[in-house]
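# An overview of the molecular structure
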Amino acid sequence: MRLIEKVWFNNHPAKWLLVPLLLPLSVVFWLLSSLRRFNFKVGLSKAIKLTKPVIVVGNIGVGGNGKTPVVIYLVELTRSLGLTPGVISRGYGGQAPQYPYLVTSNSTPREAGDEPVLIQQRCQVPVAVGSDRIASAELLIAQGCDIIISDDGLQHYRLARDVELIIVDGKRLFGNGLLLPAGPLREGQWRLATSDLVIYNCEVANNAKVSSASIQMSLAATELCHLQTGERINLFDFIDIHACVNAIAGIGAPQRFFDTLKKHSFIIENQQSFVDHHSFTLADFNGFDDNIPLLMTEKDAVKCRGFCKPNWWYLPVDATFSQAEQQVLREQVKATIPRGVHK
C-alpha cells in the first residue's frame, strides 16, 4: 500500500506532515468541483438526456469499492427484464485508436483498459469507452442497446442519469473523510444522501451509514479459472489439492483479495500488491515459485493472458444480495424503463 493510502485509510503517523501540506490543494479541489456542480444546478452547463435510460454506478472516493461486480450484476438483471444493455466506461489506462471505442472480443487492455475488457469478456455485452460518455452511450444506442450502464461517471454531470447507485467499501468506508488529495474522497459524504441507492460492499455498522436508502452486497467466489486453458475448478476442490499458493493483486484494494483467499483457507506463501490498473509484464513475476499456483484477480488476469505460465489462475467474484435487497435493486431498475417494455 502506498504511503498516501496509509494516511487516508490507516491513520498512519505521516498524516501529521502530509495532511497539512495537502489540505490547501483539497480546498482548491472543493472549490472547482463545487463550481462545476453549481453550473449544472443553475443551468449554466447543461446535462444531456439520452433517448434511453441511464444507470450510473459510481463512488465518492478512489477505486476498489466493487463497482465492476455491480455493473456485471446489472447487465444480467437488465437482460432478465427483456432489455439489451450496453456499458460505457472511461477506459482508464487504455490507448484506443479512436474514441468512442467499441470494445470487441479482440480488444486488449492496452487499447480499452482492464475493466472494460473484463466486462466485455465476462458478459459478452456491448462496451464503449472514451472520456466523452455521451458519445460512448450514443454509439451503443446506435448498436441497438436500450439501456446504458455507466461504469463510474458519478461526477460526470454532463450525462443525465435516471438512477444513481453509489458503491461504498464497507471496510474502508470514507477513510479520513477529506477530499483529494488530503483524503480519498472525490465528493463529500453528503453526496450519498442525494443518490437513489447506496450499496455497501460487505457488512457495515448501522451507525456508519450515511444514507438510509441503502442495501448490502457481498462478493462471492466459487471457482478458480486457469489462464491458459480456461479450465474451471470448484474453489474447495482446488484447496484440497493446492492449499499453499502465491498471490498478486493490482486493484484498488488489494488486501481485500488476499483476505478473501485467507478466508477460504488458502495459505499464501508470497503475496505482492501493485497499484490499481497496473500494466503487468513478465518481469513483475520474478521471484515467484513456478511449482505452486499463482492466484490473481480477474481484472489482473485480462492483462496477463499473453504471457501467462501454466501455474497461473484467477478468481472471479460475483456481487450477491439477499432476496429482499435483490428486489430493491430490481425495482430501482424497473422504474427507469418505459411501461410495457420490461417483463
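Read on for an overview of the structure. (Residues numbered from 1 in each chain as written. Predicted model: local features only at pLDDT ≥ 70, side-chain atom pairs only at ≥ 80, totals over all residues. Heavy atoms only, no water.)

## A short note on the sheet that holds strand β13 (residues 294–297)
Across the sheet, which stays open at both edges, the six strands sit in the order β10-β9-β14-β13-β11-β12 with mixed pairing between neighbours. Two strands close off the open sheet at either side, each with one partner strand: β10 (232–234) and β12 (267–273). When the angles between neighbouring strand axes are averaged without regard to direction, this sheet yields 30°. Against the sheet, helix α8 (residues 254–263) contacts β11 (244–249), β12, β13 and β14 (312–315), and its axis sits at roughly 170° relative to β12. (Pairing = 2+ DSSP bridges. Helix = DSSP H or I, 4+ residues; strand = E, 2+ residues; numbered from the N terminus. Axes fitted to C-alpha atoms, helices over the stretch in contact; angles between N-to-C directions. Contact = heavy atoms within 4.5 Å.)

## Regarding helix α5 (residues 114–123)
Burial runs high along α5: eight of the 10 residues are buried. Of the residues making up α5, those classed as buried are Asp114, Glu115, Pro116, Val117, Leu118, Ile119, Gln120 and Cys123. Positive phi shows up at Gln124, right after α5, with a value of about 55°. (Buried < 20%, exposed > 50% of the residue type's maximum accessible area, 1.4 Å probe, protein only.)

## A look at the sheet that holds strand β3 (residues 101–103)
The strand order across the open sheet formed by nine strands is β3-β4-β2-β5-β1-β6-β7-β8-β15, and the pairing between neighbours is mixed. Lying at the two open borders of the sheet, with one neighbouring strand each, are β3 and β15 (318–320). The average angle at which neighbouring strand axes cross in this sheet is 25°, direction not considered. Against the sheet, helix α3 (residues 67–80) makes contact with β1 (54–58), β2 (85–89), β5 (147–151), β6 (163–169), β7 (197–201), β8 (214–220) and β15, and its axis sits at roughly 170° relative to β5, the strand it touches most.

## Notes on the packing of α3 against helix α10 (residues 323–334)
Between α3 and α10, whose axes approach to 11 Å, the crossing angle comes to 65°. Between α3 and α10, the angle falls in the class roughly perpendicular. Where α3 crosses over α10, the handedness of that crossing is right-handed. Mapping the contact onto sequence places Tyr73, Leu74, Leu77, Thr78 and Ser80 in α3 and Gln326, Leu329, Arg330 and Val333 in α10. Residue classes in the contact of α3 with α10 are distributed as five nonpolar, three polar and one charged. (Parallel < 35°, antiparallel > 145°, perpendicular 65-115°, else oblique. Left-handed = near helix turned anticlockwise from the far one by under 90°. Nonpolar A, V, L, I, M, F, W, Y, C, P; charged D, E, K, R; others polar.)

## A look at the state of the cysteines
Under the counting rule described, the total for this entry stands at zero disulfides. With no disulfide of its own, Cys123 lies 12 Å from the sulfur of Cys145, the closest cysteine sulfur. Among the residues examined, Cys123 registers a relative accessible area of 5% and is labelled buried. (Disulfide = S-S within 2.5 Å.)

## Focus on unusual backbone geometry
Cis geometry marks the peptide bond from Tyr99 to Pro100; its omega dihedral reads -5°. Among the structural elements, Pro100 can be located in the loop between β2 and β3. A cis amide bond, omega 0°, links Leu180 with the succeeding residue Pro181. Looking at where Pro181 falls in the secondary structure, it is placed in the loop between β6 and β7. Residues other than glycine seldom take positive phi values, yet Asn11 does so here, at roughly 55°. For Leu173, which is not glycine, the phi dihedral falls at a positive 50°.

## Side note on the packing of aromatic side chains
Describing an aromatic ring pair means giving the distance of the ring centres and the angle of the ring planes. Taken as a whole and assessed by the stated rule, the structure comprises 12 aromatic pairs. Aromatic pair Tyr73 and Phe321: ring centres 4.9 Å apart, planes at 65°, arrangement edge-to-face. With a gap of 248 residues between them, Tyr73 in helix α3 and Phe321 in the loop between β15 and α10 connect regions that are remote in the sequence. Seen from their ring centres, Phe285 and Phe307 are 6.2 Å apart, and the 55° between their planes marks the pair as tilted. Here Phe285 is found in the loop between β12 and β13, whereas its partner Phe307 is found in the loop between α9 (298–301) and β14, with 22 residues between them in sequence. When its relative accessible area of 3% is taken as the criterion, Phe285 is described as buried. Of the residues examined, Phe307 reaches a relative accessible area of 24% and is grouped as partly exposed. What links up through ring pairs into an aromatic cluster is the set Phe274, Phe280, Phe285, Phe288, Phe307 and Trp312. It is Arg172 that lies over the ring of Phe9; its NZ or CZ is 4.3 Å from the centre. (Phe/Tyr/Trp six-rings, centres within 6.5 Å; stacked < 30°, edge-to-face > 60°. Lys NZ or Arg CZ within 6 Å of the ring centre and 35° of its normal.)

## Description of the pairing of β14
Judged by which residues are buried, β14 turns out to be covered on both faces: Trp312 and Tyr314 on one side and Trp313 and Leu315 on the other are all buried. In this structure, β13 lies alongside β14, joined through four bridges in parallel fashion. Across the sheet, Thr297 pairs through a bridge with Leu315, a residue of β14.

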